[in-house]
Amino acid sequence: VLSKFGQRVLAFPTVNQPAVRPVIDFRYGAMSADDFPTLPWKQAMNRAILRKQSQLSYSDPGGTLELRQALQSYLARARGLQCDAEQVIVVSGSQQALDLCARVLIDPGDAVVIENPCYAVARELFEAVGAKMHFIPVDQDGMRVDLLMSQPRGRLVYVTPSHQYPLGSILSVSRRQALLAWASKVGALIVEDDYDSEYRYGARPVEALQSLDRAGAVIYVSTFSKTLSPQLRIGYLVVPHGLVTAFTAAKRLMDRHTSYPTQAALAELLNNGVYDRHVRRVRRLNGERRATLLDAVQRYFGDDIEIEGADAGLNVVLKFRALPWSKERKLVEAATAASIGVHPLSPLYDRSQGRPAEAGLVLGYASLSLAEIERGIQTLAQIATRSIRPRGQRS
Ligand SMILES: Cc1ncc(COP(=O)(O)O)c(C=O)c1O
């Protein structure tokens, strides 16, 4: 009964979260309900719903002009990104942006280049459409673009240049230039997933890769899942002029358009300064969570752990120096049994390139209170100590 696509998706999970939520959940992706700007959002939504309209008809598949213009000016002031409003396409989260890229640009068998390790649902999406995946390792300067040079072809490259997911490195300027040069040589397009660039601690924000692109090779993707809520399901793309029509037509066939009241409320908050103030507030709050986390990790783990990716974003990676990756699953299971939610790192790597040497965990902190972070790290350290030195062997 199933199409080839239908058969391929069976390999992937059908749920986003485990059925039982841990008491302290470091699982990456959730945001604190307390941080959401409830009152301004409610007022803006009310105004959107009460707006006088002669009829409730479908609206523009690419997004309302009002929101696209608001995003164009936000991108210019916050990301140094220049574009026309017509290049902005409003979608139901980055995931739909990637789905659009896959549908419009990828045929089964086409080569898609992705970071190793990478964001799992991006990889799964490209695999589901039948792409041939090429994994490029990541180091402290982001994707090893030098290894791409021997790659004679590629339809699309998916990168997270501002904060590599999950390891957190920032793609260096020379690699950005090399990536753009390679893409133009082989005729590939670059999908820049700029999912959490609002969060950069103690350093100047890095400009978007798109702002260096002179050839129209970069498709910029961003989301409101990290500043407002992943439950809203709203994000956007900035596509090169030549791709606007295909992306808009495909979006119309997918779901006609993204929720109109949500777009209207968001446009209002972008235009009246509330959103920018909110971003400054959540940046400060998440900076406090990050500082608490780093301090607790230092106190409870000391030299047992190496922390990666803490300069930006809403997650860090803990690498356990004394624990081989084969113990990683046990560590996650023991944490789950103690009601601490954590993501294992190794499943985010491509198996054909081998596993990382040590056990690693991806920890998201944006949904937790400072007290929960402290208690969670303390408990995790106790669990890890037991995993490193099994019962009876402790000194
Ligand atoms: C790399 C990356 N891209 C995008 C997103 C956001 O996805 P969406 O906008 O579909 O909620 C996340 C969230 O976890 C992410 O880690």
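Reference entry: report on the structure contained in this document. (Residues numbered from 1 in each chain as written. Predicted model: local features only at pLDDT ≥ 70, side-chain atom pairs only at ≥ 80, totals over all residues. Heavy atoms only, no water.)

1. Structural notes on the pattern of salt bridges
Per the stated rule, a full pass over the model turns up 19 salt bridges. In this structure, the salt-bridge partner of Asp60 is Arg68, at a minimum N-O distance of 3.4 Å. Given a relative accessible area of 37%, Asp60 falls into the partly exposed group. A salt bridge links Lys319 to Glu308; the shortest N-O distance between them is 2.9 Å. (Salt bridge = Lys/Arg side-chain N within 4 Å of Asp/Glu carboxyl O. Buried < 20%, exposed > 50% of the residue type's maximum accessible area, 1.4 Å probe, protein only.)

2. Brief notes about the nonpolar core
In this structure, Phe26, Leu293, Phe301, Phe320, Val342, Leu363 and Ile377 are the most contacted members of the largest nonpolar core, which totals 44 residues. Broken down by secondary-structure element, the contributors of at least two residues to this core are α9 (274-301), β11 (315-324), α10 (328-337), β14 (358-364) and α11 (370-388). The contacts of Phe320, once residues within four sequence positions are left out, are Phe301, Asp304, Ile305, Leu331, Glu358, Ala359, Gly360, Leu361 and Ala384. Counting 31 residues, the second-largest nonpolar core is a separate cluster that includes Val91, Leu98, Ile219 and Val221. (Core = buried A, V, L, I, M, F, W, Y, C linked by side-chain atoms within 4.5 Å. Helix = DSSP H or I, 4+ residues; strand = E, 2+ residues; numbered from the N terminus. Contact = heavy atoms within 4.5 Å.)

3. Observations concerning the site of the ligand
Ser94, Asp193, Thr223, Ser225 and Arg233 are the nearest of the 13 residues found near the ligand. At 3.3 Å, a side-chain N or O of Tyr28 approaches an oxygen atom of the ligand. Coverage of the ligand by the protein chains reaches 93% of its 400 Å² of free accessible surface. For the shell around the ligand, the per-class residue count stands at five nonpolar, five polar and three charged. (Near = heavy atom within 4 Å. Polar contact = N/O pair within 3.5 Å; in protein donor to acceptor, adjacent residues only side chain to side chain. Areas by Shrake-Rupley, 256 points an atom, 1.4 Å probe, with all protein chains shown as cover. Nonpolar A, V, L, I, M, F, W, Y, C, P; charged D, E, K, R; others polar.)

4. As for the sheet that holds strand β7 (residues 189-193)
Spatial ordering of the open sheet is given by β2-β9-β8-β7-β6-β3-β4-β5, a layout of eight strands whose pairing is mixed. Both outer strands of the open sheet, β2 (88-91) and β5 (142-143), are each paired with one neighbouring strand and no more. Strand direction decides the pairing type here: strand β3 (residues 111-116) and strand β4 (residues 132-139), joined by six bridges, are parallel. Counted as the bridge partner of Ile114 is Phe135 from β4. The strands touched by helix α4 (residues 94-105) within the sheet are β2, β6 (156-159), β7, β8 (218-223) and β9 (235-238), with β8 carrying the most contacts at an inclination of about 155 degrees. (Pairing = 2+ DSSP bridges. Axes fitted to C-alpha atoms, helices over the stretch in contact; angles between N-to-C directions.)

5. Comments concerning helix α3 (residues 65-79)
For α3, built from 15 residues, the straight-helix expectation of 21 Å at 1.5 Å per residue is met to within 8% by its first-to-last C-alpha distance of 20 Å. Burial in α3 covers these residues: Leu67, Arg68, Ala70, Leu71, Tyr74, Leu75 and Arg79. Taken around the axis of α3, the buried residues stretch over an arc of 160 degrees, which confines them to a single face. Looking at the buried side of α3, the elements it contacts are β2, β8, β9, α8 (260-271) and α9. Of the residues trailing α3, Gly80 is marked for its positive phi of about 60 degrees. (Expected span 1.5 Å × (residues − 1). Arc of directions from axis to C-beta.)

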